[in-house]
Amino acid sequence: MVTTDRQTATLALAHALSAAERGLPVFPLSATKLPALRSPHRDEDPPARCRGTCGLPGHGVHDATTDPAAVRALFAAAPRATGYGIACGRPPHRLIGIDLDIDTAHGNDSVAALQQLALQHLFTIPATVTVLTPSGGRHLWLTGPSGVSVPNSAGRLAPGIDVRGAGGYLVGPGSVTVHGRYRLAPGTAHLTPASCPRALLRLLTPPPRPHHPAGRTPTARQGQGLVQFVRDAHEGQRNTRLFWAACRAYEHGFGDTLADALTEAAIGTGLTEQEARAAIASAARLTTPRRDI
């Protein structure tokens, strides 16, 4: 476990201020990589779907700012913060994070998968800011053009490749978590985030979800294929497979219709109903466009 001391908190603030000076909106994170400030709406029933319009801190990525005074105020309100998040999709950089996880136990090589995508779609992975994660993975920082909103996704490009775009955030280098420290990869500290290759950008921005009339159910092949994919999960794959299948179902417009069947399949692999519903709900949030309220 990370011991939160004054030095750790001071360093987290220093790193956050440095990032803010470079135009990267930041906010404090706890050692669990979650926002360090509790929501001001936590005791409301039901909680307000507020993204900071109430004027109070505690809205996670929506608190992110480049203003030094505001950054200091956020960290002063979160004395146990051990790191900071960087909001993606926000100007001026419109950061896109490519999160390459390492999962050798299940044969997932996300670095090789990204290289294969580059070969198939004729783009080059540019030299850019790269952050090494405590688990052995890495985050590639890219920038997107104005007017293009890249959605968050998990495993949609390939197993082990997550994308952080509009509404998402990356753990900033220098942050300390329960698993260790995030640090800049050697030789990339002097770089600025590179522009996202156009071919990769097309892969990151899927076409609009097709409209399905109310009450329409997925075809047997569509639904059963995803359900069977979840049923075939082994221990260590259950959450990942369920989340991936739920994302695909919601992207194609029948996530709510298939939710019960996916839940039943996940329970059959050993997950609890609560765990299964939580994973499906996360998939729905990541793949469903949201409006500010």
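Residues numbered from 1 in each chain as written. Predicted model: local features only at pLDDT ≥ 70, side-chain atom pairs only at ≥ 80, totals over all residues. Heavy atoms only, no water.

A. Region of the structure containing empty space enclosed by the protein. Across all of its chains, the model carries two cavities of 30 Å³ or more by this definition. A volume near 40 Å³ is recorded for the largest cavity. As for the largest cavity, its lining consists of I98, L114, F123, I125, P126, L140, L142, P197 and L200. Tallied by class, the residues present in the lining of the largest cavity amount to nine nonpolar, no polar and no charged. The calculated volume of the second largest cavity comes to roughly 30 Å³. Every residue lining the second largest cavity is listed: F27, P28, P35, A36, L37, G58, H59, G60 and D63. Considering only residue class, the lining of the second largest cavity consists of five nonpolar, three polar and one charged. (1 Å grid on protein atoms, 1.4 Å probe; cavity = no way out; pocket = protein on both sides within 12 Å on 5 of 7 lines; lining within 4 Å. Points joined across faces, edges and corners; volume = space filled by probe spheres on them. Nonpolar A, V, L, I, M, F, W, Y, C, P; charged D, E, K, R; others polar.)

B. Just the side chain of S175, in detail. Along the chain, S175 turns up in the loop between strand 10 (169-171) and strand 11 (176-177). For S175, the contacting residues outside a window of four places in its chain are T82, G83, Y84, G180, R181 and Y182. (Helix = DSSP H or I, 4+ residues; strand = E, 2+ residues; numbered from the N terminus. Contact = heavy atoms within 4.5 Å.)

C. Geometry of the sheet that holds strand 10. Spatially, 1-2-10 is the arrangement adopted by the three strands of the open sheet, whose pairing is antiparallel. Looking along the sheet, the strands with just one partner apiece sit at the ends: strand 1 (26-29) and strand 10. Ignoring strand direction, the axes of neighbouring strands in this sheet form an average angle of 35°. As judged from the four bridges shared by strand 1 and strand 2 (residues 83-87), these two strands associate in the antiparallel manner. The partner of L29 across the bridge, within strand 2, is G83. Against the sheet, helix 1 (residues 6-21) contacts strand 1 and strand 2, and its axis sits at roughly 20° relative to strand 2. Sitting on the sheet, helix 2 (residues 68-76) is in contact with strand 1 and strand 2, with an inclination near 15° to strand 1. (Pairing = 2+ DSSP bridges. Axes fitted to C-alpha atoms, helices over the stretch in contact; angles between N-to-C directions.)

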